[in-house]
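Observations on chain architecture
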Amino acid sequence: MVEDFAYLNARVQARRGTLLKEAFFQEALDLSFPDFLRLLSESVYGGELSGQGLPEVDRAIGRTQARLVGDLPRLVAGGVREAVSFLLLRNDLYNLQAILRAKATGRSFEEVLLLPGTLKEALWPQVFAAADAAGMAQVLAVAGHPLARVLRSVLRETQDLARVEALLAKRFFEEVAKAARSLEEPVLRNHLALEVDAENLRTAFKLQGEDASVESVFIRGGRFVDRVRFARLLEGDYAVLDELAGTPFAPLSGVRELRALEKRLRCVLLAEARKGAVDPQGAGPVLAYVKEREWEAMRLRLLVRRAYFGLPRAQVEEEVRCP
Amino acid sequence: MKKLLVVLVLAFGALAFAQDGSGDRGLIAVGAGLAIGLAALGTGLAQARIGAAGLGAIAEDRANFGPALIFLLLPETLVIFGLLIAFLLNAKV
């Protein structure tokens with residue numbers, strides 16, 4: 001065990017009380033946009049809500065998440081801080097990948113949905129404003145973030161977006177897994193291994209049919225998706241997903257497209273994170289809390305879009321529910 | 001673990017001295033010391049974690065001060081038991 005998580009787990013336990021209840025999401029599925037705003041303003045997100053538009057709601061969600069999750073590493077020191085930072089470093093990778101995608105597809109910064117990471121919120125607009133990916137690495141390097149070095153090394157190999165994303169994840173996870181081994185925190189290590197498996201599955205789906213070498217994109221350190229299974233999935237052999245029946249990835253059976261895979265993976269990782277929350281002296285409760293907050297933000301962003309664009313309930317109902 | 005080892009070494013050392021000198025009286029004094037010392041050690045270990053968790057809960061919401069204080073004080077009963085045993089032993093001296 002790293003160190004004593006008692007202090008942080010108590011804080012996290014108190015914050016769990018502000019997680020939105022299932023009834024909130026059920027009710028929100030039928031509300032108009034103004035009614036949704038009213039309901040949201042009565043929740044923990046209300047304090048940050050300062051407008052009536054979609055960007056203002058996204059900003060409120062982002063800021064509340066940063067306040068309730070992003071500050072966790074700053075509350076503790078030593079090994080506990082290092083362990084919690086591992087959880088949020090993952091979000092930094094997501095944010096960087098989302099910004100790279102947004103810039104490649106010509107979307108604005110407001111459309112990028114950021115997750116609470118280790119970097120300050122104000123830094124991401126600067127990353128987005130950089131002329132190219134090399135400039136992004138420069139901004140991250142000024143902030144002293146380890147992703148800067150990873151991004152630079154990836155850019156030396158390829159400029160293709162899909163491959164940049166895959167290589168970023170590979171290098172990042174391999175570095176994090178190496179560092180996590182020294183933490184002696186089994187809950188975190190196991191979850192990280194599941195995240196590696198999930199990332200390998202995503203990469204295999206994304207790069208199917210492309211001329212990608214298995215060795216260059218496969219991430220080592222997973223538990224259930226080995227190199228052979230990864231290679232088979234990359235070639236379009238979906239039977240691999242059925243072979244995962246005895247593992248936490250059993251719900252992936254029958255999945256044939258990336259969107260469905262993403263959704264089920266999200267639910268699998270959330271369910272596994274919740275299982276680790278039973279030990280009050282370990283990192284499990286913090287891990288479960290961070291994952292639940294992420295899931296909450298994701299659901300809110302989907303629901304606010306349903307209300308704003310007046311979409312029918314059925315269209316988003318499946319997306320905001322984990323069985 | 002190291003702390004426990006130090007306590008045991010001290011206790012056996014004291015026992016050796018006690019047997020060397022004034023017999024039962026010394027043994028009872030060592031017993032009383034051990035009763036209070038070990039009870040206080042256990043209480044300290046328990047209170048360290050309860051205190052840290054209590055502070056975390058209070059930092060999130062000051063309304064948690066009362067329950068946190070009660071939980072922090074509960075292990076003190078162990079020292080009271082140790083003290084009681086020490087008194088009982090002392091009465092025999």
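Residues numbered from 1 in each chain as written. Chains lettered and ligands numbered in written order. Predicted model: local features only at pLDDT ≥ 70, side-chain atom pairs only at ≥ 80, totals over all residues. Heavy atoms only, no water.

Under an unreviewed UniProt entry, chain B has the name ATP synthase F(0) sector subunit c and belongs to Thermus thermamylovorans. According to UniProt, the comment filed for chain B under the heading Subcellular location (unreviewed entry) is "Membrane". Under the UniProt heading Sequence similarities (unreviewed entry), the entry covering chain B gives this text: "Belongs to the ATPase C chain family." (UniProt positions renumbered as here; feature names shortened; annotations may be inferred.)

Chain A is annotated in an unreviewed UniProt entry as V-type ATP synthase subunit C from Thermus thermamylovorans. Under the UniProt heading Function (unreviewed entry), the entry covering chain A gives this text: "Produces ATP from ADP in the presence of a proton gradient across the membrane."

This brings us to the overall build of chain B. Assigned secondary structure in chain B consists of 4 helices and 0 strands. The 93 residues of chain B split such that 19% are buried. Here the analysis covers contacts within chain B between residues at least 6 apart in sequence; of these, 67% occur between residues at least 24 apart. If you sum the accessible surface of chain B, you get close to 6,500 Å²; carbon and sulfur atoms cover 75% of it. (Helix = DSSP H or I, 4+ residues; strand = E, 2+ residues; numbered from the N terminus. Buried < 20%, exposed > 50% of the residue type's maximum accessible area, 1.4 Å probe, protein only. Contact = heavy atoms within 4.5 Å. Areas by Shrake-Rupley, 256 points an atom, 1.4 Å probe, with all protein chains shown as cover.)

With that out of the way, let us pick up the packing of aromatic side chains. Residues and elements named next belong to chain A. A full pass over the atoms with the stated rule returns 9 aromatic pairs over all chains. Judged by centre distance (6.2 Å) and plane angle (75 degrees), the rings of Phe224 and Phe249 are edge-to-face. With a gap of 25 residues between them, Phe224 in the loop between α11 (214-217) and α12 (227-234) and Phe249 in the loop between α13 (239-243) and α14 (258-275) connect regions that are remote in the sequence. Note on accessibility: Phe224 and Phe249 belong to one class, buried. (Phe/Tyr/Trp six-rings, centres within 6.5 Å; stacked < 30°, edge-to-face > 60°.)

Per-chain confidence: chain B averages 85 in pLDDT, with 78% of residues scoring 70 or above. Per-element confidence in chain B ranges from a low mean pLDDT of 65 for helix α1 (residues 2-20) of chain B to a high of 95 for helix α3 (residues 65-73) of chain B. (pLDDT = per-residue confidence, 0-100.)

Residue and element names in this part refer to chain B. The UniProt record marks residues 28-48 and 69-89 with the feature "transmembrane region" (unreviewed entry), using the residue numbering of this structure. Helix makes up 100% of residues 28-48 and strand 0%, whereas the separation of the span's terminal C-alpha atoms amounts to 30 Å. Structurally, residues 69-89 is divided into 90% helix and 0% strand, and its ends, taken at the C-alpha atoms, are 32 Å apart.

Turning our eyes to something else, we now look at the nonpolar core. Residue and element names in this part refer to chain A. Core analysis: the largest hydrophobic core is formed by 60 residues, its most contacted members being Leu96, Ile99, Val127, Leu151, Leu168 and Val286. Not counting residues within four places of it along the chain, the set of residues in contact with Ile99 comprises Phe109, Val112, Leu114, Trp124, Val127, Phe128 and Met136. Among the nonpolar cores identified, the runner-up in size contains 28 residues, and Tyr238, Leu252, Leu261 and Leu265 belong to it. (Core = buried A, V, L, I, M, F, W, Y, C linked by side-chain atoms within 4.5 Å.)

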